[in-house]
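So you can see what is in the structure, the chains are spelled out below.
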Amino acid sequence: MDTAQSQEQAEPGAVTAFARFVLCGGGVGLASSFGVVALASWIPWVLANALITVVSTLLATELHARFTFGAGGRATWRQHAQSAGSAAAAYAVTCLAMLVLHQLVAAPGAVLEQVVYLSASALAGAARFAVLRLVVFARNRSQATGTVRPARPVHVTVARASAPAGPAELCHAA
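Residues numbered from 1 in each chain as written. Predicted model: local features only at pLDDT ≥ 70, side-chain atom pairs only at ≥ 80, totals over all residues. Heavy atoms only, no water.

A. Representation of helix α4 (residues 77-104) in the model. With 28 residues, α4 should cover 40 Å at 1.5 Å per step; its first-to-last C-alpha distance of 40 Å lies within 8% of that length. Among the residues of α4, Gln79, His80, Ser83, Ser86, Ala87, Ala90, Thr94, Cys95, Ala97, Met98 and Leu101 are the ones counted as buried. (Helix = DSSP H or I, 4+ residues; strand = E, 2+ residues; numbered from the N terminus. Expected span 1.5 Å × (residues − 1). Buried < 20%, exposed > 50% of the residue type's maximum accessible area, 1.4 Å probe, protein only.)

B. Fine view of the pattern of salt bridges. Evaluated as defined, the whole model comprises two salt bridges. Notably, a salt bridge pairs Glu62 with Arg66, separated by 3.3 Å at the nearest N-O pair. Taken together, the positions of Glu62 and Arg66, both in helix α3 (residues 45-68) and four residues apart, correspond to about one turn of that helix. Note on Glu62: relative accessible area 13%, which makes it buried. As a salt-bridge pair, Glu62 and Arg74 come within 3.6 Å of each other at their nearest N and O atoms. Of this pair, Glu62 sits in helix α3 while Arg74 sits in the loop between α3 and α4, placing them twelve residues apart in sequence. You can call Arg74 exposed: its relative accessible area is 61%. Here the residues in one salt-bridge network are Glu62, Arg66 and Arg74, joined through shared partners. (Salt bridge = Lys/Arg side-chain N within 4 Å of Asp/Glu carboxyl O.)

C. Just the environment of Leu30, in detail. Examined against the element boundaries, Leu30 turns out to sit in helix α2 (residues 14-40). Judged by its relative accessible area of 43%, Leu30 is partly exposed. As for Leu30 and Gln114, which are separated by 84 residues in sequence, their C-alpha atoms are 9.6 Å apart.

D. Highlighting the layout of surface pockets. Approximately 550 Å³ is the volume attributed to the largest pocket. Around the largest pocket, the lining is made up of 27 residues, and of these Gly25, Gly29, Ser121, Gly125 and Arg128 lie nearest the centre. Counting only elements with at least two residues in the lining of the largest pocket, the list comes to α2, α3, α4 and α5 (110-136). Class assignment for the residues of the lining of the largest pocket results in 15 nonpolar, eleven polar and one charged. (1 Å grid on protein atoms, 1.4 Å probe; cavity = no way out; pocket = protein on both sides within 12 Å on 5 of 7 lines; lining within 4 Å. Points joined across faces, edges and corners; volume = space filled by probe spheres on them. Nonpolar A, V, L, I, M, F, W, Y, C, P; charged D, E, K, R; others polar.)

E. Summary view of the nonpolar core. Formed by Val36, Trp45, Ile52, Cys95, Ala97, Met98, Leu101, Val116, Tyr117 and Ala120, the largest nonpolar core amounts to ten residues. At the level of secondary structure, the elements contributing two or more residues to this core comprise α3, α4 and α5. A per-element tally of this core places α4 first, with four residues. Those residues in contact with Val36 that sit more than four places away from it in its chain are Trp45, Ala48, Asn49, Ile52 and Tyr117. Grouped together as the second largest cluster of nonpolar side chains are nine residues, Phe21, Ala65, Phe69 and Leu132 included. (Core = buried A, V, L, I, M, F, W, Y, C linked by side-chain atoms within 4.5 Å. Contact = heavy atoms within 4.5 Å.)

F. Here's a closer look at the environment of Phe137. Take Phe137: it is sitting in the loop between α5 and α6 (138-145). Since its relative accessible area comes to 1%, Phe137 is described here as buried. Separated by 69 residues in sequence, Phe137 and Thr68 have C-alpha atoms that sit 9.9 Å apart.

Any link to function would need more than the numbers given here.
In structure tokens, the structure reads:
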């Protein structure tokens, strides 16, 4: 049991976790934005965004499990599935932002698309941080900090005094 607990990292504070989230998630998100633009030159933008979102979500969830939230190991399938749910919401936000951009601007340039995409990603990322910290990786946090270790059994030897044998001795003892 001690080896399992020694492998588990201590939970980082909210500020540290957020800084790590921005570093890991932001780095993956920034690379993803360039990947979407590059891939969208060959396939429709919505499909490019979907493919990049799947790959980046898998990568970011692993980074968050190992580094951001102090889970101390690889992400479980359950954590990947929950993270995918929050990524689907982020995907919807970025698609909606790009749809609105293309409704407002007939032929937006790559720089404007990047600004809109990254702004929508940042907004969705802040919401994802809350979901990942409070839901997806909450179980690991509570195990790392909230669980009370069971006490080791204490072996006690009890010595008993012999009871008085007769009624006279009982009365005298009282």
